[in-house]
Amino acid sequence: MLEDKIKKLIQQALRSVFSHEPKDINLATPDAQFGDFAFTCHSLAKDLKQSPQEIASKIAGALAGHGNITAQAVAGYVNITVLPALLGKEVLGAVLKEKNNYGHHKKTTDKAVLEYSSPNTNKPLHLGHIRNNVLGMALYNLLSSQGAKVIPVQIINDRGIHIIKSMLAYQKWGQGQTPKAAGEKGDHFVGKFYVLFEKEFEQEWQEYLNNNKVTGDLAKARQEFFGQSRIGQEAQVMLRVWEQGEKSVRALWKKMNQWVYAGFGATYKVLGSEFKKNYFESKTYLLGKAIVAEGFKKGVFYREADGSVWVDLTADGLDKKILQRADGTSVYITQDLGLAVQRHKEFKFTSLAYVVGHEQEYHFKVLFLILQKLGYAWAKKLRHLSYGLVFLPEGKMKSREGKVVDADDIMAEVVELAREQITKRQTGIKAKERERRAQAIGLGALKFFLLRVTPTQSIHFNPAEAIAFEGATGPYVQYAHARIASILKSAKAGSIGKTDLSKLSTLEEKAVLLKLLAYPKAVSDAAQNYSPNIVCDYLVGLAQAFNTFYHKHQVLKAEDKATRAARLLLIKATQIVLANGLALLGIEAPDKM
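Residues numbered from 1 in each chain as written. Predicted model: local features only at pLDDT ≥ 70, side-chain atom pairs only at ≥ 80, totals over all residues. Heavy atoms only, no water.

Visitor: So what's going on with the overall build of the protein? Which residues, and what values?
Guide: The number of helices and strands found in the protein is 23 helices and 14 strands. With the C-alpha coordinates aligned to their principal axes, the bounding extent of the protein is approximately 85 × 70 × 45 Å. Per-residue burial for the protein yields a buried fraction of 52% across its 593 residues. Put simply, 73% of the contacts in the protein that link residues at least 6 apart link residues at least 24 apart. For the protein, the computed accessible surface area is about 28,000 Å², with 50% contributed by carbon and sulfur atoms. Of the side chains in the protein, 81 bear a positive and 59 a negative charge, and the two mean positions are spaced by 6 Å. (Helix = DSSP H or I, 4+ residues; strand = E, 2+ residues; numbered from the N terminus. Buried < 20%, exposed > 50% of the residue type's maximum accessible area, 1.4 Å probe, protein only. Contact = heavy atoms within 4.5 Å. Areas by Shrake-Rupley, 256 points an atom, 1.4 Å probe, with all protein chains shown as cover. Lys, Arg positive; Asp, Glu negative; His and termini not counted. Charge placed at Lys NZ, Arg CZ, Asp CG, Glu CD.)

Structure follows, in structure tokens:
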């Protein structure tokens, strides 16, 4: 890489002039008028006992003999400019040679397990699940691009009182109907009965409030009332019967879960989500029992007088945590302990990341610390990728009240908005082609909108803003790619060896070249920090650099054939990198908008 060559030249200069061997050479990107790269000498002043400007002047002098670069000492910086022919050869040569693999590295041999999605089987996926899935898919692509073997998994929460609620409501009001007969997706069909249950419970709660004086915490009182309500008591009975394995209840449970899985599968197919393995809570919830026994034996856990088992994490700044109830039943974290141990036995992973909302941050702190205290060395390689909430104009999504925005509905909405934009911009397009483009643009807009901010940041989702063709959006980046495809349809790019790349000498052309050069580092940083937003920022910047260049300079009608040939190579390389970056985000790069 060009940057490595420049770093090597600076190291040689420091060695020859000062007999100094720095540990690291860090290059910055200065404003365009100062050069292509900058090296600060301020940190060297103390060791070399000279002013930063004196050091910079001597390094610049030592670099003067290298014909492909120029160097100037300014305010303690060495500003380096690479001649266009070399810059073009190094950058375009790498992109056009590596093509789809440009930006990929085999830096690591990690085996990374990545858990994401992990829905409940009592309702459809919602907008928050889309954010979870697009984060998971982008991380899968990013980590894979750096050489890791990534194993995407999910744990499906298919048991518990929330599942029973849908089952009981269906038993009461479903009248034996099926999703097919109702003309609905299975997950939507089952979710409808979850909402019916909650409405029935809410009606009982309101009756209770009308007849009783309730003081203090209303939310807590409502929760406690669940066990007193008629429908709540029926649900608890059904849960106990399920736990006992009663055949008819288990058969209903399996049937309704299958309806939901079919619905999830259809949504995942549209999103592009794939998993190497599915875990089911109904099969894993007892896994932690052996871990509790092990921890108690090691003295990490302790038993209370009532027989419950706890861990005391107060010395580590956390709280005491119950791991097993007095009746011997497990709590949620116990399952996660057992599942983490099982996954390590199964995959021998070097890292395990959980893509889960920020509400669970404390849960994962406790989980990881307990595993470390139990002596699992790999526990230090566990990571919680926390992400923020998705807000709608009405506020946070609420599935209990039926106000949640289903994933299928929001995907259909952005595709429809894209369809409208396509129809406005181009008449006479065939329906099949319009639909293909609408899917690519609409889903790309949705994914980019959810990925463009840091994962921990909450999002106020605005479909119209997401689908805009201007601004920091997916369609803006896709449009740059499509514009290049349109140009290259009229004239193909030639070969590097036969092209005079010294013609790429304007500030706008160099800005594109330097942006292309920065792509591998952007991808590496995004993977290392589990931050797909870095790639989003990069792609918007590259699209902006291309558009600035294109608005100021002709390509097909360039001033001479040599310039035309050089610019065709420049935009071809830009097209490749735009497509590569979008692919990492799980977004299609269309040739037509």
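There's plenty left to go through after this.
Visitor: Report on helix H5 (residues 127–145), specifying residues and quantitative values.
Guide: Here H5 spans 27 Å end to end across 19 residues, near enough to the 27 Å set by a 1.5 Å rise per residue. Judged by how many residues are buried, H5 sits mostly within the fold: 16 of 19 residues are covered. Residue Gly147 follows H5 closely and has a positive phi angle near 100 degrees. (Expected span 1.5 Å × (residues − 1).)

Visitor: Got a sec to walk through the pairing of strand S5 (residues 149–156)? Specific residues and values, please.
Guide: By the criterion of burial, S5 is predominantly enclosed, with seven of the eight residues buried. For the handedness criterion, the β-α-β arrangement of strand S4 (residues 111–115), H5 and S5 is classed as right-handed. Where S5 and strand S6 (residues 277–280) come together, four bridges link them in parallel fashion. Of the residues in S6, the one forming a bridge with Ile155 is Tyr279. (Right-handed = clockwise from strand over helix to strand, strands pointing away. Pairing = 2+ DSSP bridges.)

Visitor: I'd like a rundown of the pattern of salt bridges, residues and numbers included.
Guide: Evaluation of the coordinates by the stated rule reveals 25 salt bridges. Note that Lys185 and Asp408 form a salt bridge whose closest N and O atoms lie 2.7 Å from each other. Taken as a pair, Lys185 in the loop between helix H7 (179–182) and helix H8 (186–211) and Asp408 in helix H16 (residues 407–425) lie far apart in primary sequence, 223 residues in all. The exposure class of Lys185 is partly exposed, given its relative accessible area of 26%. Asp408 gets classed as buried once you look at its relative accessible area, which sits at 15%. Beyond isolated ion pairs, a larger network of salt bridges with shared partners links Glu433, Arg436, Arg437 and Glu588. (Salt bridge = Lys/Arg side-chain N within 4 Å of Asp/Glu carboxyl O.)

Visitor: How would you summarise the sheet that holds strand S7 (residues 301–303) if you had to cite specific residues and measurements?
Guide: Strand order in the open sheet formed by three strands is S7-S8-S9, with antiparallel pairing between adjacent strands. Pairing within the sheet leaves two strands with one partner each, and these edge strands are S7 and strand S9 (320–324). With direction set aside, neighbouring strand axes in the sheet form an average angle of 35 degrees. As paired elements, S7 and strand S8 (residues 309–312) share three bridges and run antiparallel to each other. Residue pairing for S8: Tyr302 is matched across the bridge by Trp310. Sitting on the sheet, helix H13 (residues 289–298) touches S7, S8 and S9, and the angle it makes with S7 is about 90 degrees. (Axes fitted to C-alpha atoms, helices over the stretch in contact; angles between N-to-C directions.)

Visitor: Got a sec to walk through the packing of aromatic side chains? Specific residues and values, please.
Guide: Across all of its chains, the model carries 27 aromatic pairs by this definition. On the basis of an interplanar angle of 45 degrees and a centroid distance of 5.8 Å, the ring pair of Phe364 and Phe368 is categorised as tilted. Linking Phe364 with Phe368, this pair stays in helix H15 (residues 361–373), spanning four residues, or about one helical turn. You can call Phe364 buried: its relative accessible area is 4%. Looking at Arg343, its charged tip hangs above the ring of Tyr279, at a distance of 4.6 Å from the centre. (Phe/Tyr/Trp six-rings, centres within 6.5 Å; stacked < 30°, edge-to-face > 60°. Lys NZ or Arg CZ within 6 Å of the ring centre and 35° of its normal.)

Visitor: Tell me what's going on with the nonpolar core, and back it up with residues and numbers.
Guide: Counting 150 residues, the largest nonpolar core has Ile59, Leu92, Ile130, Phe461 and Leu516 as the members making the most contacts within it. With eleven residues, the single largest contributor to this core is helix H23 (residues 561–584). Excluding residues within four positions of it along the chain, Leu516 makes contact with Val91, Leu92, Tyr102, Tyr538, Leu542, Leu570, Ala573, Thr574 and Val577. Ranked by size, the runner-up nonpolar core spans 37 residues in total, among them Ile151, Val300, Leu339 and Leu371. (Core = buried A, V, L, I, M, F, W, Y, C linked by side-chain atoms within 4.5 Å.)

Visitor: Before we move on, can you summarise unusual backbone geometry with the specific residues and values?
Guide: Backbone geometry at Ser19 places phi at a positive 55 degrees, although glycine is not the residue there. Tracing the backbone through its elements, the reader meets Ser19 in the loop between helix H1 (2–18) and strand S1 (37–40). Non-glycine residue Ala75 carries a positive phi angle of around 55 degrees. Along the chain, Ala75 falls in the loop between strand S2 (69–74) and strand S3 (77–82).

Visitor: Any details on the packing of helix H6 (residues 161–173) against helix H10 (residues 230–243)? Residues and values, ideally.
Guide: Orientation of H6 relative to H10, taken along the N-to-C sense of each, is 110 degrees, at an axis distance of 9 Å. Put simply, H6 runs roughly perpendicular to H10. Here H6 contributes Ile161, Ile164, Met167, Leu168, Gln171, Lys172 and Trp173 to the contact with H10, which in turn contributes Ile231, Glu234, Ala235, Gln236, Met238, Leu239 and Trp242. When the residues that make up the contact of H6 with H10 are grouped by side-chain class, the tally is ten nonpolar, two polar and two charged. (Parallel < 35°, antiparallel > 145°, perpendicular 65-115°, else oblique. Nonpolar A, V, L, I, M, F, W, Y, C, P; charged D, E, K, R; others polar.)

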